[in-house]
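Here is what each chain is made of, one letter per residue.
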Amino acid sequence: MSSNKRTTAHHRPYRLQEVPLGAMTTSPKTQRELKPYRVNELLANFDLDMFGHPALSWRAGKYFIIDGQHRVEALKLWLEKGW
């Protein structure tokens with residue numbers, strides 16, 4: 001795992017960290033509803049180099065997706081079974 005900490009004037013410190021897909025979840029209180037058509041659009045044109053980093057928050061023993069739930073779901077489908 002690599003760890004890079006950064007701070008900007010308006011943001012909390014963050015770090016890059018590898019997190020297993022199965023450890024990521026969403027909160028219906030903070031995320032919009034998952035739109036299957038959006039996941040399918042991303043999957044149809046999937047490019048791992050353009051995936052970026054989903055934004056996660058560690059709370060209550062879980063990694064909650066703050067930004068990137070559609071990309072994460074598209075990645076799961078792209079990887080197929082066994083991810």
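Overview of the structure. (Residues numbered from 1 in each chain as written. Predicted model: local features only at pLDDT ≥ 70, side-chain atom pairs only at ≥ 80, totals over all residues. Heavy atoms only, no water.)

### Side note on the nonpolar core
The nonpolar side chains of a soluble globular protein tend to be buried, and buried together.
Logical step 1: Judged by nonpolar contacts, Val19, Leu21, Met24, Val39, Phe46, Phe51, Ile65, Val72, Ala74 and Leu75 together constitute the single largest core of 10 residues.
Logical step 2: Here this core gets three residues from one element, more than from any other, and that element is helix α2 (residues 69-79).
Logical step 3: Sequence-distant contacts of Leu21, defined by excluding residues within four places in its chain, comprise Val72, Leu75, Lys76, Leu79 and Trp83. (Core = buried A, V, L, I, M, F, W, Y, C linked by side-chain atoms within 4.5 Å. Buried < 20%, exposed > 50% of the residue type's maximum accessible area, 1.4 Å probe, protein only. Helix = DSSP H or I, 4+ residues; strand = E, 2+ residues; numbered from the N terminus. Contact = heavy atoms within 4.5 Å.)

### A short note on the environment of Gly68
Logical step 1: Residue placement: Gly68 occurs in the loop between β5 (62-67) and α2.
Logical step 2: Considering only alpha carbons, one finds Gly68 and Pro54, 14 residues apart in sequence, at a separation of 4.7 Å.

### Observations concerning the sheet that holds β5
Logical step 1: Spatial ordering of the open sheet is given by β3-β5-β4, a layout of three strands whose pairing is mixed. With partners counted over all chains shown, the strands left at the sheet margins are β3 (24-25) and β4 (55-59), one partner each.
Logical step 2: Where β3 and β5 come together, two bridges link them in parallel fashion. Opposite Thr25, over in β5, you have Phe64 as the bridge partner. (Pairing = 2+ DSSP bridges.)

### Considering α2
Logical step 1: Residues of α2 that are buried: Gln69, His70, Val72, Ala74, Leu75 and Lys76.
Logical step 2: Check the buried side of α2 and you find it contacts β3, α1 (36-44) and β5.
Logical step 3: Where α2 terminates, the next one or two residues include Glu80, which has phi positive at roughly 65 degrees.

### Re the environment of Arg71
Logical step 1: Assignment of secondary structure puts Arg71 in helix α2.
Logical step 2: A C-alpha to C-alpha distance of 9.0 Å links Arg71 and Arg38, two positions 33 residues apart in sequence.
Logical step 3: The contact partners of Arg71, leaving out residues within four places of it in the chain, are Leu42, Phe51, Gly52, His53 and Pro54.

### Notes on a nonpolar patch on the surface
Logical step 1: A surface patch of nonpolar side chains, amounting to about 420 Å² of accessible area, comprises Leu48, Trp78, Leu79 and Trp83.
Logical step 2: Look at Trp83 and you get partly exposed, because its relative accessible area is 48%. (Patch = residues over 30% accessible without salt bridge, like charges linked within 9 Å, V, L, I, M, F, W, Y side chains within 5 Å. Areas by Shrake-Rupley, 256 points an atom, 1.4 Å probe, with all protein chains shown as cover. Salt bridge = Lys/Arg side-chain N within 4 Å of Asp/Glu carboxyl O.)

### With respect to unusual backbone geometry
Logical step 1: Positive phi values are uncommon outside glycine, yet Ala60 reaches one of about 50 degrees.
Logical step 2: Along the chain, Ala60 falls in the loop between β4 and β5.
Logical step 3: Here the phi dihedral of Glu80 falls at roughly 65 degrees; this positive angle occurs in a residue that is not glycine.
Logical step 4: Note on placement: Glu80 falls in the segment after α2.

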